[in-house]
Amino acid sequence: MIIHNPLDKAMKIHSEKFVNHLLKLLGYAETIKFMCPNELIIKNNEYEADFVGYSSKNEIKNIEFQSTKLSKKDTSRFTKYAIILNDKYNLDVQTMVISTKETEKKEIEHRIGPKSKHTITVETLKMFNGDDILKKIKAKENKKLTEEDIANLSLVPLMKTKAPTDKTILKVCKLTNKLKISPQDLEYLKCNQKQLTEMYVKDEKMRKLIKEEIMMKNDLFKTLDQETKEKLRKQVRIETATELLKLNIDINDIIKATALTKQQIQTLQQQIASK
């Protein structure tokens, strides 16, 4: 399943970098230990979940992002993902939908059969005051921001704000260019802002203003050379593969999830066995 929605892309970028901050913001005590492959294949049909992770509760956490009102078709699809994931990992699967349309938290039960059902928890970002978060981060303009600050800043346009979404995105972009943050965080925020602009900003004049802000300070990206970026990516792939091996996931699935070679994964297997 190919994802075309820019909001889905923005949230996937966010969850891959800040999933535990997102869970904390929503009031969850659990954390994600590592990401799992989100490609789900059954009977020659291929699906793609938004985010799948192994949690500190020893469960599989499936997080889906929704920019429209939830329909029965949506809940049926998410329940199907849960069944596939349960069969694959033999672990309980918790499904959480993060919605930008819903105004309050709720639980939806989707029946699997006469006696079985799957509960989907729906969370909304609209219960948070984006203006307050923006104000707190602005007060730190000359200080070092925490990871939590960066994570929350990227979500402000999706929260409750007095200004329209497009003007809020412009505010966030302008503030981003004033902050003292690492090239990695700057790159992340600007990628996030591009996707949100694509999704929410329809006025061409406003689009132009926002794009001009996004293009500012792009030269800072060059301070993190390509070799360093690749080393960081490889380390993450190795850590993910190691955890998946411990769960006895099929090597072919790990290859697809991490882009490591079969030889690299077999070497990791030997290292795990020798400990």
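Keep in mind that this is a model prediction, so the values were computed, not measured.

1. Structural notes on the sheet that holds strand β7 (residues 106-111)
Strands belonging to one sheet form pairs held by backbone hydrogen bonds; the direction of such a pair is parallel or antiparallel.
Thought 1: The strand order across the open sheet built from six strands is β1-β4-β5-β6-β8-β7, with neighbouring strands paired in mixed fashion. This sheet does not close on itself; its edge strands, each paired only once, are β1 (32-35) and β7. The average angle at which neighbouring strand axes cross in this sheet is 30 degrees, direction not considered.
Thought 2: Bridging between strand β5 (residues 60-66) and strand β6 (residues 93-99) involves seven bridges; their strand directions are parallel.

2. Re the packing of aromatic side chains
Thought 1: Enumeration according to the criterion identifies four aromatic pairs in this entry.
Thought 2: Aromatic pair F78 and Y81: ring centres 6.3 Å apart, planes at 55 degrees, arrangement tilted. Here F78 pairs with Y81, and both are found in helix α2 (residues 72-89), just three residues apart, close to one helical turn. Here the two residues F78 and Y81 agree in accessibility, since each one is buried.
Thought 3: What links up through ring pairs into an aromatic cluster is the set Y47, F78 and Y81.

3. Structural notes on the pattern of salt bridges
Thought 1: Counting across every chain of the model gives 13 salt bridges.
Thought 2: When the shortest N-O distance is used, the salt bridge between K105 and E123 registers 3.2 Å. One end of the pair, K105, is in the loop between β6 and β7; the other, E123, is in strand β8 (residues 117-124), with 18 residues separating them in the sequence.
Thought 3: The class for K105 is partly exposed, based on a relative accessible area of 46%.
Thought 4: Among the ionic pairs, E243 bridges to K246, the shortest N-O distance being 3.9 Å. Linking E243 with K246, this pair stays in helix α8 (residues 226-246), spanning three residues, or about one helical turn.

4. So, the pairing of β8
Thought 1: Counting buried positions over the eight residues of β8 gives six, a clear majority of the element.
Thought 2: Judged from the six bridges that link them, β7 and β8 form a sheet pairing that is antiparallel. Following the sheet pairing, I108 is matched in β8 by I120.
Thought 3: The turn linking β7 back onto β8 is made up of five residues.

5. So, the confidence of the model for the protein chain
Thought 1: With 92% of its residues at a pLDDT of at least 70, the protein chain reaches an overall mean of 87.
Thought 2: In the predicted structure, residues 220-224 sits below a pLDDT of 50 and forms nine contacts with residues beyond four places in sequence or in another chain.

Conventions used here
Residues numbered from 1 in each chain as written. Predicted model: local features only at pLDDT ≥ 70, side-chain atom pairs only at ≥ 80, totals over all residues. Heavy atoms only, no water. Pairing = 2+ DSSP bridges. Helix = DSSP H or I, 4+ residues; strand = E, 2+ residues; numbered from the N terminus. Axes fitted to C-alpha atoms, helices over the stretch in contact; angles between N-to-C directions. Phe/Tyr/Trp six-rings, centres within 6.5 Å; stacked < 30°, edge-to-face > 60°. Buried < 20%, exposed > 50% of the residue type's maximum accessible area, 1.4 Å probe, protein only. Salt bridge = Lys/Arg side-chain N within 4 Å of Asp/Glu carboxyl O. pLDDT = per-residue confidence, 0-100. Contact = heavy atoms within 4.5 Å.

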